[in-house]
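Examination of the molecular architecture
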Amino acid sequence: MKSALILALLGCVALPASAQTLNGQAAYGDWRSDAPGVVRHITPADLPDRGASPIGFGLPTVGARPAGAELKTLPGFSVSEFATKLEGPRLLRLAPNGDMFVSEAEAGKVLVLRAPDGADKAVQVETFADGLDRPFGIAFYPVGPNPQWIYVANTNSVIRYPYRNGDLKPRGPAETIIPRLTVSGGAHTTRDIVFSPDSRRMFVSVGSSSNVAEDMSKKTPEETHTWQAGHALGAAWDKEVGRADVIVGDPDGKAMHVYAAGIRNCVGMAIHPVTHDLWCSTNERDLLGDDLPPDYVTRVHEGGFYGWPWYYIGDHEDYRHANERPDLKGKITVPDVLLQPHSAPLEMTFYTAHGPAAFPAEYRGDAFVALHGSWNRGKRTGYKVVRVFTKDGVPTGAYEDFMTGFVIDGSKVWGRPVGVAAAHDGALLVADDGGNVIWRVAYAPH
């Protein structure tokens, strides 16, 4: 066992579910050390120096599912196909009546999937809305059992449709709530949207327009001071105005302002069911090396600055912006849960479900995150669903491989997880935009 563990730490074989938590550099690894039950815990002290790892490239070739290939998860769980032949499914959101809404960004659609509790497959798939501009985020308003509206976050606007439980089509035309989210195009296009539990605040995530603001103009210390005096802590300028932020306002899109800045690309957002903290899953920057910087999942603190583009994971300065913002050092909020670099976390959800397929009680309050998979890494990472551990609503910093098996080898994959949501019956649904499938993970111990 000792020799097998050493090999696993080196990324040569998969660790068994009973193995110890991987810490430090051992937690980085690649797809060969992935297996359900493997736990990783990366801290800011574990970050390597710049240049210690190569800048790798590994754009995945997404191919057909190999004969006999099966997704792997923990004992007591089963995986099956819930819906197939979709067009790039992305985010999943559960309506109060049990319908599952799915955004298809490139197709410009929002679908609604219906299935009786306990059903292995969706029995009805309808197009709720189409002709949209790369829709991603979906939210029901007000929060609770009887929503009156369904909000959709397009890439540069937020709209809403009149809606009642069970509707398969909007009750009326779309109403524009925020006509323009950004003044610049390009780069990250996913916008998520969530409401506070009291329905008074609307949060929208807006990613950066570049990798690391490479073309942003330089300011003198005096110019920087003047700029900072009128903007959120760490707010960037030029075409990055209004980017790399989470913004907040009322449900009518009024009084929108920056809630937290310096978050390069907060793709997925969720509200913790007990603490009511806002969380996000974040894609960090590229071209610093295979092992820099970690992606992350974190609580988002109001007024917080998370470093982009000048710093990452606390006071680690990005050499591409060396000595530009010394005033920000010591003011950067460190993310809670560091993930293997370049894993590309997308949607996240907190597990609170009940029902015939529900998971054991110890899963309640923990988060599931879809890792879409790396490209800027020679050692492939991601392509799996992970569980982020919490204790009393506070992240422990550790996370566990929950569903793996999408990778064929170092250059090919057959699926890419992007969305996660718990169904009305307690099963976890996983959107896969590589295979155009939604997978269903149910708990049914023998």
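None of these values were measured; they are calculated from a predicted model.

So, the overall build of the chain
- The helix and strand tally for the chain stands at two helices and 30 strands.
- Its C-alpha atoms give the chain a radius of gyration of 21 Å, near enough to 22 Å, the size a compact globule of 446 residues would have.
- With the C-alpha coordinates of the chain rotated into their principal frame, the extents come out at 65 × 65 × 40 Å.
- Of all intrachain contacts in the chain linking residues separated by at least 6 positions in sequence, the fraction that spans at least 24 positions is 59%.
- Surface summary for the chain: the accessible area is close to 17,000 Å², and the carbon and sulfur share equals 53%.
- Taking the average location of the 43 positive side-chain charges in the chain and that of its 51 negative ones, the two points are 1 Å from each other.

Section: a nonpolar patch on the surface
- A cluster of nonpolar side chains, Ile55, Phe57, Leu59, Leu287 and Trp375, forms an exposed patch at the surface whose accessible area comes to about 520 Å².
- Secondary-structure assignment places Leu287 in the loop between strand E18 (278–282) and strand E19 (295–299).

Side note on the nonpolar core
- In terms of nonpolar packing, the biggest core is built from 33 residues, with Leu92, Phe101, Leu113, Phe128, Ile150, Tyr161 and Ile438 touching the most fellow members.
- Here this core takes four residues from strand E7 (residues 109–114), the largest share from any one element.
- Leave out the neighbours within four places in its chain, and Phe128 touches Phe101, Val110, Leu111, Val112, Ile150, Tyr161, Tyr163, Asp167, Leu168, Lys169 and Pro170.
- Phe203, Met269, Cys280 and Tyr306 belong to the second-largest nonpolar core, a separate cluster that totals 27 residues.

Digging into the sheet that holds strand E5 (residues 89–94)
- Spatially, E5-E6-E7-E8 is the arrangement adopted by the four strands of the open sheet, whose pairing is antiparallel. Bordering the open sheet on either side are E5 and strand E8 (124–129), each of which pairs with just one other strand. On average, each strand axis in the sheet is inclined to that of its neighbour by 30 degrees, with strand direction left out of account.
- Alignment of E7 against E8, held across five bridges, turns out to be antiparallel. Counterpart to Val112 in the pairing with E8 is Glu126.

Some thoughts on helix H2 (residues 221–229)
- Among all positions in H2, only Thr224, Trp227 and Gln228 are buried. Viewed end-on, H2 has its buried residues packed into an arc of 95 degrees, placing them on one side of the element. For H2, exposure combined with an orientation more than 90 degrees from the buried face picks out Glu222, His225, Thr226 and Ala229.

Details of the side chain of Thr349
- With respect to the helices, strands and loops of the structure, Thr349 is situated in strand E23 (residues 345–350).
- The exposure class assigned to Thr349 is buried, which follows from its relative accessible area of 16%.
- In this structure, Thr349 is in contact with Asp366, Ala367, Phe368, Val420, Ala421 and Leu428, ignoring residues within four places of it in sequence.

Description of the pairing of strand E24 (residues 367–371)
- Of all five residues making up E24, five are buried, and the element is well covered by its neighbours.
- Burial along E24 is two-sided: the residues Ala367, Val369 and Leu371 and Phe368 and Ala370 are all buried.
- Bridge analysis of E23 against E24 gives four bridges, and the strand direction is antiparallel. Looking at E24, one finds that Phe350 is bridged to Ala367.
- Pairing of E24 with strand E25 (residues 384–391) involves five bridges; the strand directions are antiparallel. Pairing of Phe368 across the sheet is with Arg387, part of E25.

With respect to the confidence of the model for the chain
- Averaged over the chain, the pLDDT score is 94; the fraction of residues at 70 or greater is 96%.
- Confidence drops under a pLDDT of 50 for residues 1–18, and excluding neighbours within four residues, the segment shows 27 contacts in the predicted structure.

Things to note about the sheet that holds strand E17 (residues 266–271)
- Here four strands make up an open sheet; going across it, the order is E17-E18-E19-E22 and the pairing antiparallel. Each edge of the open sheet carries a strand with a single partner, namely E17 and strand E22 (337–339). If you compare each strand with its neighbour and ignore which way they point, the axes differ by 15 degrees on average.
- Of the pairings in the sheet, the one linking E19 to E22 comprises three bridges and is antiparallel in character. Considered in E22, the bridge of Tyr296 is made with Leu338.

Overview of the side chain of Asn376
- In this structure, Asn376 sits in the loop between E24 and E25.
- There is a polar contact of 2.6 Å between the side chain of Asn376 and the backbone nitrogen of Leu287.
- With residues near it in sequence (within four places) discarded, Asn376 still touches Ile55, Gly56, Phe57, Asp286, Leu287, Gly289, Asp290 and His342.

Digging into the packing of aromatic side chains
- This structure, assessed with the given rule, holds 28 aromatic pairs.
- Between Phe359 and Phe402, the ring centres sit 5.7 Å apart and the planes meet at 35 degrees, which makes this aromatic pair tilted. Taken together, the residues span a long stretch of sequence, with Phe359 in the loop between E23 and E24 and Phe402 in strand E26 (residues 394–403) at a distance of 43 residues.
- Given the relative accessible area of 6%, Phe359 is considered buried.
- Chaining the aromatic ring pairs together yields one cluster made of Phe77, Tyr351, Phe359, Tyr363, Phe368, Phe402 and Tyr443.
- The residue whose ring lies beneath Arg160 is Trp149, and the NZ or CZ to ring-centre distance is 3.9 Å.
- Arg325 extends its terminal NZ or CZ atom over the ring of Trp310, reaching a point 4.9 Å from the ring centre.

Reading the values: rules and limits
Residues numbered from 1 in each chain as written. Predicted model: local features only at pLDDT ≥ 70, side-chain atom pairs only at ≥ 80, totals over all residues. Heavy atoms only, no water. Helix = DSSP H or I, 4+ residues; strand = E, 2+ residues; numbered from the N terminus. Rg over C-alpha atoms; globule rule 2.2 N^0.38 Å. Contact = heavy atoms within 4.5 Å. Areas by Shrake-Rupley, 256 points an atom, 1.4 Å probe, with all protein chains shown as cover. Lys, Arg positive; Asp, Glu negative; His and termini not counted. Charge placed at Lys NZ, Arg CZ, Asp CG, Glu CD. Patch = residues over 30% accessible without salt bridge, like charges linked within 9 Å, V, L, I, M, F, W, Y side chains within 5 Å. Salt bridge = Lys/Arg side-chain N within 4 Å of Asp/Glu carboxyl O. Core = buried A, V, L, I, M, F, W, Y, C linked by side-chain atoms within 4.5 Å. Buried < 20%, exposed > 50% of the residue type's maximum accessible area, 1.4 Å probe, protein only. Pairing = 2+ DSSP bridges. Axes fitted to C-alpha atoms, helices over the stretch in contact; angles between N-to-C directions. Arc of directions from axis to C-beta. pLDDT = per-residue confidence, 0-100. Polar contact = N/O pair within 3.5 Å; in protein donor to acceptor, adjacent residues only side chain to side chain. Phe/Tyr/Trp six-rings, centres within 6.5 Å; stacked < 30°, edge-to-face > 60°. Lys NZ or Arg CZ within 6 Å of the ring centre and 35° of its normal.

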